[in-house]
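# An overview of the molecular structure
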Amino acid sequence: AARHEDATMSTKFAEVAPRAGRGRGRGRGRRNYQEQQQKLFQEKVVASIPASAVFTQLQEFERRVDATLARKKAEVNEALKSAPRDPRTVRIYVYNTWKEANPAEGEDASWTLHVQGRVLAPHECADGTAGGDYDPETEPKLSEFVRSVEIRLDPASAPPPAADGAAPAEEPDEPIRWDSDKAPADAKPVDGFEVKRVGNADRKAKILIAVKHKPERYKPKPELSRLLGLDLETRPRLIAALWQYCRLNDLLDKEDATLVALDDRLRSLFYKGSNGEKETAKFVDLCEMMCAGCLDPAPPVEVDYVVRTRGRKNPTHPDCYDLLVDVPGGDKAPHNFVEGIGRDAEIAALDAKIHTGIKKIEKHLQRRSYFLGFSHSPVDFINTVVAQQARDIAIVRNDGRKRRLAERRTEFYNKPWVDEAVMQYVTRQSKAGKI
């Protein structure tokens, strides 16, 4: 009966309180009420049937398993969304052209250095003959695999100044650099770079090409490189190689696999100042120290080239260099098998049976409480039930007598909702101009 009376009061409060935006607050309140009722029901079941505590623990464990499964599914889906990358070869061509001076038209002698590249087809032969389906328009461009290109001209090969003391015809030997990070956002990928300079003398040039690896690759320190036998690799593969070294040399602790016994090579690499005092370490700590202090960014590819400004071939015969890169490949179709994990029909049927069993337990618990109260004190129990039914009938018939009696008591105005209800009422009356 007290519950029904509180419900009536809450209805009055709901008329005064502002809504929480299109019913969202009401839905949240309903969920909270259901959760409280479920928790109360579980406590009653545990108190009545001590053996049900095992079932409650099993339910909690199942919820944790479902949460872990959902998180792992999200992680696997996120990993599978990234397109798989296939190893491909990028062939870089370096050559130059030149142009002789033309005094009649006022043109000075000049030369142009070309650095071009393309992705070879999967079955392309070494002589450049493409095999299979190969479309140069759809293949990635060179600039998509390059982080920066820098060209340095050797000052020693610069032509001497003229006899009369005039400045040389060529421009100053400042490094020429292109950065992908500084390129415009709407710039289209290109398959080559050009550098043009004025002059008619042969020049030595050093071309530095920083390759953009995905995932990023690192160059380990010489000691770590000799330990792992790797030169340029990604962090996950370097960590896997370190784990493999510990496993093959029987350095893993038999009781705790996270601990590693330090041999002389590991101790000299990670704990140089320990003087042999450090005997064990966590593998996670070794990985953190390796990634923080033993890995350098991948060095750029260096190409030495001599710009020719005379000869029988114009353009000159290109120098070719092959780089191994990872090209996005495979399909990006959704992986439905991951989403299907945990959606077995048998599991759903068992969940339905468990839900039906819980409902039966709840009904039997209510009946048990009813008869148990009657057995303790039949007279008081019947009087309480009759009084509750009388109040319920008054509420169903919308009889306001009980409500008017409650409003005559001081306790009615000590409810938590009174202060906010009064403020809402005063605000509404002031807006209407009645106050």
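## What about the pattern of salt bridges?
Applying the stated criterion across every chain yields a total of 14 salt bridges. Between Asp-179 and Arg-177 there is a salt bridge, and its shortest N-O distance comes to 3.0 Å. Between Lys-206 and Glu-302 there is a salt bridge; the shortest N-O distance is 3.7 Å. Of the two residues, Lys-206 sits in strand E6 (residues 203–211) while Glu-302 sits in strand E12 (residues 301–307), which places them 96 residues apart along the sequence. Linked through salt bridges whose partners overlap, the residues forming this network are Glu-150, Arg-152, Arg-177 and Asp-179.

## Thoughts on the environment of Gly-229
Structurally, the position occupied by Gly-229 is in the loop between helix H4 (222–228) and strand E8 (233–234). With relative accessibility at 60%, the residue Gly-229 sits in the exposed group. Counting along the chain gives twelve residues from Gly-229 to Ala-241, while the straight-line C-alpha distance between them is 8.6 Å.

## Description of the side chain of Ser-225
Counting through the fold element by element, Ser-225 comes out in helix H4. Other than its neighbours up to four places away in sequence, Ser-225 contacts Pro-220, Leu-230 and Asp-231.

## A word on the nonpolar core
With 27 residues, the main nonpolar core has Val-90, Ile-92, Val-94, Leu-113 and Ile-207 as its most contacted residues. Counting residues per element, the ones that place at least two in this core are strand E1 (85–99), strand E2 (110–119), strand E3 (146–153), strand E5 (192–198), E6, E12 and strand E13 (319–328). Looking at this core, the element that brings in the most residues is E1, giving five residues. Setting aside residues no more than four positions away along its own chain, Val-94 makes contact with Leu-113, His-114, Ile-207, Val-303, Tyr-305, His-317, Pro-318, Asp-319 and Tyr-321. Counting 23 residues, the second largest nonpolar core, distinct from the first, contains Leu-227, Ala-241, Phe-270 and Ala-281.

## Quick look at a nonpolar patch on the surface
A cluster of nonpolar side chains, namely Phe-55, Leu-58, Phe-61, Val-65 and Ile-354, defines an oily patch on the protein surface of about 440 Å² accessible area. Sort the elements by how many residues they give to the nonpolar patch and helix H3 (residues 52–81) lands first, with four residues. Tracing the chain through its elements places Leu-58 in helix H3. Residue Leu-58 is classed as exposed on the basis of its relative accessible area of 53%.

## Topic: the packing of aromatic side chains
In this description, an aromatic ring pair is defined by two values, namely the gap between the centres and the angle between the planes. Enumeration over the complete set of coordinates arrives at five aromatic pairs. Between Tyr-370 and Phe-371, the ring centres sit 5.6 Å apart and the planes meet at 90 degrees, which makes this aromatic pair edge-to-face. Aromatic pair Phe-374 and Phe-381: ring centres 6.0 Å apart, planes at 80 degrees, arrangement edge-to-face. Look at Phe-374 and you get partly exposed, because its relative accessible area is 37%. The class for Phe-381 is buried, based on a relative accessible area of 17%. A connected cluster of aromatic rings, assembled from ring pairs, spans Tyr-370, Phe-371, Phe-374 and Phe-381.

## Quick look at the packing of helix H5 (residues 235–248) against helix H7 (residues 283–293)
Across the interface, H5 lies against H7 with an axial gap of 11 Å and an inter-helix angle of 135 degrees. Taken together, the axis directions place H5 and H7 in an arrangement best described as oblique. Note that H5 runs across H7; the crossing there is right-handed. Seen from H5, the contacting residues are Arg-235, Leu-238, Ile-239, Leu-242, Trp-243 and Cys-246; seen from H7, they are Phe-283, Leu-286, Cys-287, Met-290 and Cys-291. Residues that form the contact of H5 with H7 fall into these classes: ten nonpolar, no polar and one charged.

## Quick word on the sheet that holds E3
An order of E4-E3-E6-E12 is seen for the four strands of this open sheet, with the pairing classed as antiparallel. Lying at the two open borders of the sheet, with one neighbouring strand each, are strand E4 (176–179) and E12. This sheet shows a mean twist of 15 degrees between the axes of neighbouring strands, independent of strand direction. By the bridge criterion, four bridges tie E3 to E4 in an arrangement that is antiparallel. Residue pairing for E4: Glu-150 is matched across the bridge by Arg-177.

Conventions adopted
- Residues numbered from 1 in each chain as written.
- Predicted model: local features only at pLDDT ≥ 70, side-chain atom pairs only at ≥ 80, totals over all residues.
- Heavy atoms only, no water.
- Salt bridge = Lys/Arg side-chain N within 4 Å of Asp/Glu carboxyl O.
- Helix = DSSP H or I, 4+ residues; strand = E, 2+ residues; numbered from the N terminus.
- Buried < 20%, exposed > 50% of the residue type's maximum accessible area, 1.4 Å probe, protein only.
- Contact = heavy atoms within 4.5 Å.
- Core = buried A, V, L, I, M, F, W, Y, C linked by side-chain atoms within 4.5 Å.
- Patch = residues over 30% accessible without salt bridge, like charges linked within 9 Å, V, L, I, M, F, W, Y side chains within 5 Å.
- Areas by Shrake-Rupley, 256 points an atom, 1.4 Å probe, with all protein chains shown as cover.
- Phe/Tyr/Trp six-rings, centres within 6.5 Å; stacked < 30°, edge-to-face > 60°.
- Axes fitted to C-alpha atoms, helices over the stretch in contact; angles between N-to-C directions.
- Parallel < 35°, antiparallel > 145°, perpendicular 65-115°, else oblique.
- Left-handed = near helix turned anticlockwise from the far one by under 90°.
- Nonpolar A, V, L, I, M, F, W, Y, C, P; charged D, E, K, R; others polar.
- Pairing = 2+ DSSP bridges.

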